[in-house]
Amino acid sequence: MSTEWSLPALLESFQDGVEGQLKMSRQAIGHPTEKGDASEAVWIEVFNEHLPKRYEARKAHVVDSTGQFSEQIDVVIHDRQYSPLVFRMKDSYVVPAESVYAVFEAKQEASADNVLYAQKKIASVRKLYRTSMPVPTVDGVREPKEPAPILGGMLTLASSWAPPLGDALREHLSNDKESGLIQLGCIANAGWFSFDSASDSFDLYEVNRPATRFLFELIARLQEMATVPMLDVRAYAAHIP
(Lines give C-alpha, C1' and ligand atoms only; values in the text may rest on other atoms or scores of the structure.)
Protein backbone atom coordinates (compact mmCIF):
# COMPACT_ATOMS: atom_id res chain seq x y z
CA MET A 1 0.00 0.00 0.00
CA SER A 2 1.56 3.29 -1.07
CA THR A 3 1.12 6.67 0.53
CA GLU A 4 0.66 9.66 -1.73
CA TRP A 5 2.39 12.81 -0.54
CA SER A 6 1.57 16.34 -1.64
CA LEU A 7 4.05 19.19 -1.23
CA PRO A 8 1.33 21.87 -1.63
CA ALA A 9 -0.69 20.15 1.11
CA LEU A 10 2.32 20.08 3.43
CA LEU A 11 2.96 23.80 2.87
CA GLU A 12 -0.72 24.59 3.38
CA SER A 13 -0.67 22.70 6.67
CA PHE A 14 2.37 24.67 7.81
CA GLN A 15 0.64 28.00 7.13
CA ASP A 16 -2.54 26.87 8.89
CA GLY A 17 -0.54 25.81 11.93
CA VAL A 18 1.32 29.11 12.31
CA GLU A 19 -1.72 31.31 11.69
CA GLY A 20 -3.88 29.16 13.95
CA GLN A 21 -1.49 29.40 16.89
CA LEU A 22 -1.19 33.17 16.48
CA LYS A 23 -4.97 33.56 16.35
CA MET A 24 -5.34 31.43 19.46
CA SER A 25 -2.88 33.59 21.39
CA ARG A 26 -4.85 36.68 20.35
CA GLN A 27 -8.31 35.35 21.15
CA ALA A 28 -7.73 33.19 24.21
CA ILE A 29 -5.29 35.31 26.22
CA GLY A 30 -6.62 38.47 27.82
CA HIS A 31 -3.54 40.34 29.10
CA PRO A 32 -1.64 42.28 26.38
CA THR A 33 1.78 41.29 27.75
CA GLU A 34 0.80 37.63 27.86
CA LYS A 35 -0.52 37.90 24.29
CA GLY A 36 2.82 39.29 23.22
CA ASP A 37 4.73 36.54 25.01
CA ALA A 38 2.55 33.93 23.33
CA SER A 39 3.17 35.41 19.87
CA GLU A 40 6.92 35.41 20.46
CA ALA A 41 6.77 31.80 21.59
CA VAL A 42 4.92 30.76 18.42
CA TRP A 43 7.53 32.31 16.12
CA ILE A 44 10.46 30.99 18.19
CA GLU A 45 9.00 27.49 17.98
CA VAL A 46 8.51 27.83 14.22
CA PHE A 47 12.09 28.95 13.66
CA ASN A 48 13.64 26.32 15.92
CA GLU A 49 11.61 23.59 14.24
CA HIS A 50 12.15 24.61 10.62
CA LEU A 51 15.48 26.46 10.36
CA PRO A 52 18.66 24.40 9.95
CA LYS A 53 20.17 23.34 13.27
CA ARG A 54 23.10 25.71 12.93
CA TYR A 55 20.63 28.45 13.88
CA GLU A 56 18.89 28.93 17.20
CA ALA A 57 16.05 31.32 18.00
CA ARG A 58 15.29 32.78 21.43
CA LYS A 59 14.15 35.91 23.21
CA ALA A 60 17.27 37.70 24.41
CA HIS A 61 19.39 40.77 24.94
CA VAL A 62 22.50 41.13 22.79
CA VAL A 63 25.86 42.17 24.27
CA ASP A 64 29.15 43.21 22.68
CA SER A 65 32.74 42.84 23.87
CA THR A 66 32.83 46.45 25.11
CA GLY A 67 30.06 45.67 27.58
CA GLN A 68 27.22 47.43 25.75
CA PHE A 69 23.77 45.82 25.65
CA SER A 70 20.83 46.01 23.25
CA GLU A 71 17.25 46.31 24.35
CA GLN A 72 15.45 43.01 24.86
CA ILE A 73 14.61 41.49 21.48
CA ASP A 74 11.57 39.26 20.97
CA VAL A 75 13.29 36.85 18.58
CA VAL A 76 17.05 36.62 18.07
CA ILE A 77 18.32 34.14 15.49
CA HIS A 78 21.90 33.33 16.35
CA ASP A 79 24.72 30.91 15.60
CA ARG A 80 26.52 28.68 18.09
CA GLN A 81 29.32 27.24 15.98
CA TYR A 82 31.71 30.18 16.11
CA SER A 83 29.96 32.12 18.89
CA PRO A 84 29.30 29.58 21.62
CA LEU A 85 28.65 32.00 24.47
CA VAL A 86 25.05 32.20 25.65
CA PHE A 87 24.50 33.67 29.09
CA ARG A 88 21.41 32.88 31.16
CA MET A 89 20.05 34.61 34.25
CA LYS A 90 16.95 32.65 35.33
CA ASP A 91 14.60 33.05 32.32
CA SER A 92 16.59 35.84 30.63
CA TYR A 93 19.19 35.18 27.95
CA VAL A 94 22.09 37.24 26.60
CA VAL A 95 23.88 36.36 23.36
CA PRO A 96 27.06 37.92 21.92
CA ALA A 97 26.68 40.38 19.05
CA GLU A 98 28.96 38.36 16.78
CA SER A 99 26.57 35.40 16.85
CA VAL A 100 23.51 37.30 15.61
CA TYR A 101 22.13 36.70 12.12
CA ALA A 102 18.71 38.30 12.51
CA VAL A 103 16.47 40.05 15.04
CA PHE A 104 12.68 40.31 14.93
CA GLU A 105 10.00 42.08 16.93
CA ALA A 106 6.79 40.05 17.30
CA LYS A 107 3.52 41.93 17.77
CA GLN A 108 -0.18 41.17 17.45
CA GLU A 109 -0.58 43.67 14.61
CA ALA A 110 1.36 46.00 12.37
CA SER A 111 0.73 49.65 13.29
CA ALA A 112 2.58 52.96 13.22
CA ASP A 113 3.63 52.62 16.87
CA ASN A 114 4.70 49.01 16.49
CA VAL A 115 6.76 49.70 13.37
CA LEU A 116 8.55 52.55 15.15
CA TYR A 117 9.10 50.35 18.22
CA ALA A 118 10.58 47.57 16.09
CA GLN A 119 12.91 50.02 14.34
CA LYS A 120 14.26 51.24 17.68
CA LYS A 121 14.78 47.69 18.93
CA ILE A 122 16.60 46.68 15.75
CA ALA A 123 18.81 49.78 15.90
CA SER A 124 19.83 48.92 19.46
CA VAL A 125 21.38 45.69 18.14
CA ARG A 126 23.02 47.09 15.03
CA LYS A 127 24.90 49.75 17.01
CA LEU A 128 26.86 47.09 18.93
CA TYR A 129 30.49 46.32 18.16
CA ARG A 130 31.39 42.94 16.66
CA THR A 131 34.83 41.35 16.77
CA SER A 132 36.19 38.96 14.15
CA MET A 133 39.11 36.58 14.48
CA PRO A 134 41.27 34.73 11.92
CA VAL A 135 39.83 31.26 11.26
CA PRO A 136 42.14 28.19 11.33
CA THR A 137 41.35 25.73 8.51
CA VAL A 138 43.00 22.65 6.99
CA ASP A 139 44.31 24.97 4.26
CA GLY A 140 45.81 27.46 6.70
CA VAL A 141 44.54 30.48 8.59
CA ARG A 142 41.94 32.60 6.85
CA GLU A 143 41.67 36.33 7.31
CA PRO A 144 39.03 37.62 9.74
CA LYS A 145 35.60 37.73 8.15
CA GLU A 146 33.80 41.05 7.83
CA PRO A 147 30.58 40.76 9.86
CA ALA A 148 27.52 40.70 7.61
CA PRO A 149 24.76 43.27 8.19
CA ILE A 150 22.28 42.00 10.77
CA LEU A 151 18.87 41.24 9.28
CA GLY A 152 16.04 43.13 10.99
CA GLY A 153 12.39 42.18 10.81
CA MET A 154 8.86 42.34 12.19
CA LEU A 155 6.34 39.54 12.77
CA THR A 156 2.60 40.03 13.29
CA LEU A 157 -0.67 38.19 12.92
CA ALA A 158 -2.66 41.11 11.51
CA SER A 159 -2.44 44.75 10.43
CA SER A 160 -4.21 47.85 11.73
CA TRP A 161 -4.33 49.28 8.20
CA ALA A 162 -6.67 48.67 5.30
CA PRO A 163 -5.33 47.37 3.06
CA PRO A 164 -2.96 45.55 5.43
CA LEU A 165 -0.02 45.90 3.04
CA GLY A 166 -0.37 49.26 1.35
CA ASP A 167 0.91 52.81 1.31
CA ALA A 168 0.53 53.28 5.08
CA LEU A 169 2.82 50.34 5.85
CA ARG A 170 5.32 51.39 3.19
CA GLU A 171 5.38 54.96 4.52
CA HIS A 172 6.13 53.93 8.09
CA LEU A 173 8.71 51.37 7.06
CA SER A 174 10.43 54.07 5.00
CA ASN A 175 10.82 56.38 8.00
CA ASP A 176 14.03 54.57 8.96
CA LYS A 177 16.23 53.09 6.27
CA GLU A 178 19.37 53.37 8.38
CA SER A 179 20.12 51.57 11.66
CA GLY A 180 16.46 50.68 12.25
CA LEU A 181 15.76 49.35 8.76
CA ILE A 182 13.17 46.56 8.75
CA GLN A 183 14.24 44.37 5.85
CA LEU A 184 11.81 41.51 6.16
CA GLY A 185 8.41 40.97 7.75
CA CYS A 186 5.33 38.80 7.90
CA ILE A 187 1.69 39.67 8.52
CA ALA A 188 0.54 36.09 8.91
CA ASN A 189 -3.11 36.56 7.89
CA ALA A 190 -2.41 38.88 4.95
CA GLY A 191 1.05 38.85 3.37
CA TRP A 192 4.73 39.56 3.77
CA PHE A 193 7.17 42.30 2.82
CA SER A 194 10.85 42.83 2.11
CA PHE A 195 13.29 45.65 1.42
CA ASP A 196 14.97 45.74 -1.99
CA SER A 197 18.32 47.46 -1.58
CA ALA A 198 18.80 47.79 -5.36
CA SER A 199 15.69 49.96 -5.75
CA ASP A 200 15.84 51.36 -2.19
CA SER A 201 12.19 50.48 -1.74
CA PHE A 202 9.87 48.01 -0.01
CA ASP A 203 8.11 45.20 -1.86
CA LEU A 204 4.72 44.31 -0.36
CA TYR A 205 3.08 40.97 -1.14
CA GLU A 206 -0.57 40.24 -0.35
CA VAL A 207 -0.57 36.52 -1.06
CA ASN A 208 -1.87 33.17 0.12
CA ARG A 209 0.24 31.27 2.66
CA PRO A 210 2.30 34.32 3.70
CA ALA A 211 3.95 32.68 6.71
CA THR A 212 5.22 29.86 4.53
CA ARG A 213 6.50 32.22 1.85
CA PHE A 214 8.12 34.41 4.50
CA LEU A 215 9.90 31.44 6.08
CA PHE A 216 11.32 30.34 2.74
CA GLU A 217 12.57 33.87 2.05
CA LEU A 218 14.15 34.04 5.52
CA ILE A 219 15.99 30.76 4.93
CA ALA A 220 17.25 32.03 1.56
CA ARG A 221 18.57 35.22 3.16
CA LEU A 222 20.27 33.32 5.96
CA GLN A 223 21.95 31.13 3.33
CA GLU A 224 23.24 34.25 1.58
CA MET A 225 24.76 35.47 4.86
CA ALA A 226 26.80 32.24 5.19
CA THR A 227 28.55 31.97 8.59
CA VAL A 228 28.98 34.62 11.26
CA PRO A 229 32.54 35.69 12.18
CA MET A 230 34.47 33.86 14.88
CA LEU A 231 34.30 36.08 17.96
CA ASP A 232 37.28 37.14 20.03
CA VAL A 233 36.63 35.21 23.24
CA ARG A 234 39.50 37.00 25.01
CA ALA A 235 37.79 40.35 24.42
CA TYR A 236 34.84 39.10 26.47
CA ALA A 237 37.13 37.45 29.03
CA ALA A 238 38.69 40.86 29.72
CA HIS A 239 35.52 41.77 31.61
CA ILE A 240 35.87 38.96 34.17
CA PRO A 241 35.98 40.74 37.56
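Heads up: the structure comes first, above all this text.
Rules of the game
- Residues numbered from 1 in each chain as written.
- Predicted model: local features only at pLDDT ≥ 70, side-chain atom pairs only at ≥ 80, totals over all residues.
- Heavy atoms only, no water.
- Helix = DSSP H or I, 4+ residues; strand = E, 2+ residues; numbered from the N terminus.
- Buried < 20%, exposed > 50% of the residue type's maximum accessible area, 1.4 Å probe, protein only.
- Contact = heavy atoms within 4.5 Å.
- Areas by Shrake-Rupley, 256 points an atom, 1.4 Å probe, with all protein chains shown as cover.
- Expected span 1.5 Å × (residues − 1).
- Patch = residues over 30% accessible without salt bridge, like charges linked within 9 Å, V, L, I, M, F, W, Y side chains within 5 Å.
- Salt bridge = Lys/Arg side-chain N within 4 Å of Asp/Glu carboxyl O.
- Polar contact = N/O pair within 3.5 Å; in protein donor to acceptor, adjacent residues only side chain to side chain.
- Pairing = 2+ DSSP bridges.
- Axes fitted to C-alpha atoms, helices over the stretch in contact; angles between N-to-C directions.
- Right-handed = clockwise from strand over helix to strand, strands pointing away.
- Core = buried A, V, L, I, M, F, W, Y, C linked by side-chain atoms within 4.5 Å.

Colleague: It is not clear to me how the overall build of the chain should be interpreted in this structure. Could you clarify?
Modeller: Secondary structure summary: the chain contains 6 helices and 11 strands in total. Going through the 241 residues of the chain one by one, you find that 46% of them count as buried. Contacts in the chain between residues at least 24 apart in sequence constitute 69% of all its contacts with a sequence separation of at least 6. As presented, the chain carries roughly 12,600 Å² of accessible surface, and 52% of it is formed by carbon and sulfur atoms.

Colleague: Even after reading the chapter, I still don't get helix H5 (residues 210–225), so can you show me in this structure?
Modeller: Compared with an ideal rise of 1.5 Å per residue, which puts 16 residues at 22 Å, H5 spans 23 Å between its outermost C-alpha atoms and is within 8% of the ideal. Within H5, burial applies to Pro210, Ala211, Thr212, Phe214, Leu215, Leu218, Arg221, Leu222 and Met225.

Colleague: Any chance you could explain a nonpolar patch on the surface here in plain terms?
Modeller: A contiguous nonpolar surface patch, about 400 Å² in accessible area, is contributed by Trp5, Leu7 and Leu10. Judged by its relative accessible area of 71%, Trp5 falls in the exposed class.

Colleague: Explain the environment of Asn48 here, please?
Modeller: Tracing the chain through its elements places Asn48 in helix H2 (residues 32–50). Sequence separation of Asn48 and Arg58 is 10 residues, and the distance between their C-alpha atoms is 8.6 Å. With residues near it in sequence (within four places) discarded, Asn48 still touches Lys53, Glu56 and Ala57. A polar atom in the side chain of Asn48 sits 2.8 Å from the backbone nitrogen of Ala57.

Colleague: Quick question: what am I supposed to make of the sheet that holds strand S4 (residues 92–96) here?
Modeller: The strand order across the open sheet built from 9 strands is S3-S4-S1-S2-S5-S8-S9-S10-S11, with neighbouring strands paired in mixed fashion. Strands at the two margins of the open sheet, each flanked by one partner only, are strand S3 (87–89) and strand S11 (201–206). Sheet twist, expressed as the average angle between the axes of neighbouring strands with direction ignored, equals 35°. As paired strands, strand S1 (residues 55–63) and S4 are joined by 3 bridges and run parallel to one another. Counterpart to Val62 in the pairing with S4 is Val95.

Colleague: Any chance you could explain the pairing of strand S8 (residues 151–159) here in plain terms?
Modeller: Remember that side chains alternate between the two faces of the sheet whenever the strand is regular. Of all the 9 residues making up S8, 9 are buried; the element is thus mostly covered by neighbouring parts of the structure. For strand S5 (residues 100–110) and S8, the ladder comprises 8 bridges, and the chain directions are parallel. Bridging from a neighbouring strand, Glu105 pairs with Met154 of S8. Inspection of the sheet shows S8 paired to strand S9 (residues 184–187) by 4 bridges, in the parallel sense. Bridge pairing in S9 places Gly153 opposite Leu184. You can see the chain leave S8, run along helix H4 (residues 167–173) and come back into S9, and the turn it takes is right-handed.

Colleague: Help me understand the nonpolar core in this model?
Modeller: Soluble globular proteins tend to bury their nonpolar side chains together. Within the largest apolar cluster, 29 residues are counted, with the highest numbers of intra-cluster contacts made by Trp43, Phe47, Ile77, Phe214 and Leu218. Looking at which element gives the most residues to this core, the answer is H5, with 6 residues. Beyond its immediate sequence surroundings of up to four residues, Ile77 is in contact with Phe47, Leu51, Tyr55, Glu56, Ala57, Ser99, Val100, Tyr101, Ala102, Phe104 and Leu218. Of all hydrophobic cores here, the second largest spans 28 residues; its members include Ala60, Val95, Val100 and Val125.

Colleague: I would appreciate a short explanation of the side chain of Gln119 in the present structure.
Modeller: Along the polypeptide, Gln119 turns up in helix H3 (residues 112–126). Beyond its immediate stretch of four places on either side in the chain, Gln119 contacts His172, Leu173, Asp176, Gly180 and Ile182.

Colleague: Explain the pattern of salt bridges here, please?
Modeller: When the charged atoms of two side chains lie near each other, side chains of opposite charge can form a pair. For the structure shown, the criterion picks out 8 salt bridges. Notably, a salt bridge pairs Arg58 with Glu56, separated by 2.5 Å at the nearest N-O pair. The class of Arg58 is buried, set by a relative accessible area of 11%. Taking relative accessible area as the criterion, Glu56 reaches 25% and is therefore assigned partly exposed. The partner of Arg221 in a salt bridge is Glu217, and the shortest N-O contact between them spans 2.9 Å. Of this pair, Arg221 and Glu217 both sit in helix H5, 4 residues apart, which is roughly one turn of the helix. What makes Arg221 buried here is its relative accessible area of 15%. Taking the relative accessible area as the measure of exposure, Glu217 reaches 24% and is therefore partly exposed.

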